[in-house]
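What follows is the residue order along each chain.
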Amino acid sequence: MSEYIKLDSDKISEAVKTIMDFGGTGILKCVQCGACSSICPGVKAGFPVLCRLLIKKVLDGQLEEMIEESSTWGCQACNRCTEICPQGVRPQEVVFAFRRYQANDLAFSTSAVTSQMNLYESGHAVFTDARELRKKVGLTPEAPTSAYNEKAKKEIQTLLDNSPMGELGIF
Ligand code: SF4
Ligand code: SF4
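Residues numbered from 1 in each chain as written. Chains lettered and ligands numbered in written order. Predicted model: local features only at pLDDT ≥ 70, side-chain atom pairs only at ≥ 80, totals over all residues. Heavy atoms only, no water.

Regarding the site of ligand 1
The cut-off we apply is this: It suffices for a single heavy atom of a residue to lie within 4 Å of a molecule or strand for the residue to be listed as near it. Helix and strand assignments come from DSSP, with helices taken as H or I runs of at least 4 residues and strands as E runs of at least 2, each series counted from the N terminus. Basically, the charged four are Asp, Glu, Lys and Arg, the nonpolar ten are Ala, Val, Leu, Ile, Met, Phe, Trp, Tyr, Cys and Pro, and anything else, Gly included, counts as polar.
Around ligand 1 lies a shell of 14 residues, among which Cys-30, Cys-33, Gly-34, Cys-36 and Cys-85 are the nearest. Of all elements in the fold, only α2 (35-39) and α4 (51-59) reach the threshold of two or more residues within the shell around ligand 1. Residues belonging to the shell around ligand 1 are distributed by class as follows: ten nonpolar, three polar and one charged.

Now the structure itself:
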């Protein structure tokens, strides 16, 4: 009898369906060309399981194995991958679908929790207090951002409180 690789098709179907249900509806159009990964700033910054590789692992049915994968939280939502993809996959939506899958199982990396807390407190996932630096170069100390605008902050917090993230009770 010849040897062959038997794909666990139920596992693959379930993984793909989960990601599609969470919003990654274009995943099956991917032809693994790698264009998205080649321009992804997340991949360049050392988060390898984004774009092509994330999609490949989902198409291999490796969902539970990746539940604690932290690369997905390195996505900057820049949508370069969406622009370059020749297949209309919209890889960023796959990445966010995967994050929703992780969040649903409370599988947050520490960095993800920190960035969500920053978002809640300042309106920015990554925030640095640059007031002293700005003063030094002759700018107004406070940049025009939600971080120094109580009304904007309140609005962001209301949105987050009423989002699926708010339901997880991390704020
Ligand atoms: S650019 Fe599109 S088709 Fe190519 S690997 Fe990325 S998601 Fe798949
Ligand atoms: S949206 Fe996310 S996954 Fe897509 S190129 Fe930007 S950082 Fe990479």
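Here we look at the site of ligand 2
Around ligand 2 sit Cys-40, Pro-41, Cys-51, Cys-75, Gln-76, Ala-77, Cys-78, Asn-79, Arg-80, Cys-81, Gln-92 and Val-95, and those are all the residues in its vicinity. Put simply, the parts of the chain that give the shell around ligand 2 at least two residues each are α5 (80-84) and α6 (91-104). A class-by-class count of the residues in the shell around ligand 2 yields eight nonpolar, three polar and one charged.

Observations concerning the pattern of salt bridges
Note that side chains of opposite charge can pair when their charged atoms are close. Going by this rule: Any carboxyl oxygen of Asp or Glu that lies within 4 Å of a side-chain nitrogen of Lys or Arg is treated as forming a salt bridge with it. Exposed residues in this analysis have more than 50% of their type's maximum accessible area, buried residues have under 20%, and partly exposed residues fall in between, with area computed by a 1.4 Å probe over protein chains only.
Under the counting rule described, the total for this entry stands at nine salt bridges. A salt bridge links Lys-17 to Asp-21; the nearest nitrogen and oxygen atoms lie 2.7 Å apart. Of the two residues, Lys-17 and Asp-21 are both situated in helix α1 (residues 9-21); the distance of four residues between them amounts to about one turn of the helix. Note on Asp-21: relative accessible area 55%, which makes it exposed. Residues Lys-135 and Glu-132 are paired through a salt bridge, measuring 3.3 Å at the closest nitrogen-oxygen approach. Of this pair, Lys-135 and Glu-132 both sit in helix α8 (residues 131-136), three residues apart, which is roughly one turn of the helix. Assessed through its relative accessible area of 46%, Lys-135 is described here as partly exposed. Residue classification places Glu-132 among the exposed residues on the basis of a relative accessible area of 54%. Ionic contacts of the salt-bridge type, sharing partners, join the residues Asp-129, Arg-131 and Glu-142 into one network.

Quick word on the domain arrangement of the chain
What counts is decided by this rule: These domain boundaries are the output of an automatic or database domain assignment.
The domain architecture assigned to the chain consists of domain 1 (9-104) and domain 2 (110-167). On a C-alpha basis, the centroid separation for the pair domain 1 and domain 2 is 27 Å.

What about the packing of aromatic side chains?
How we decide: A pair of Phe, Tyr and Trp rings is counted when the ring centres sit within 6.5 Å of each other, with Trp represented by its six-membered ring. The angle between the planes then sorts it: under 30 degrees is stacked, over 60 is edge-to-face, the rest tilted. Here, a charge over a ring means that NZ of Lys or CZ of Arg falls within 6 Å of the ring centre while also lying within 35 degrees of the ring normal.
Taken as a whole and assessed by the stated rule, the structure comprises two aromatic pairs. Judged by centre distance (6.2 Å) and plane angle (65°), the rings of Phe-127 and Tyr-148 are edge-to-face. Separated by 21 residues along the polypeptide, Phe-127 in the loop between α7 (110-122) and α8 and Tyr-148 in the loop between α8 and α9 (150-161) bring together distant segments of the chain. Judged by its relative accessible area of 34%, Phe-127 is partly exposed. Given the relative accessible area of 24%, Tyr-148 is considered partly exposed. One residue, Arg-99, lies across the ring of Phe-96, its end atom 4.5 Å from the ring centre.

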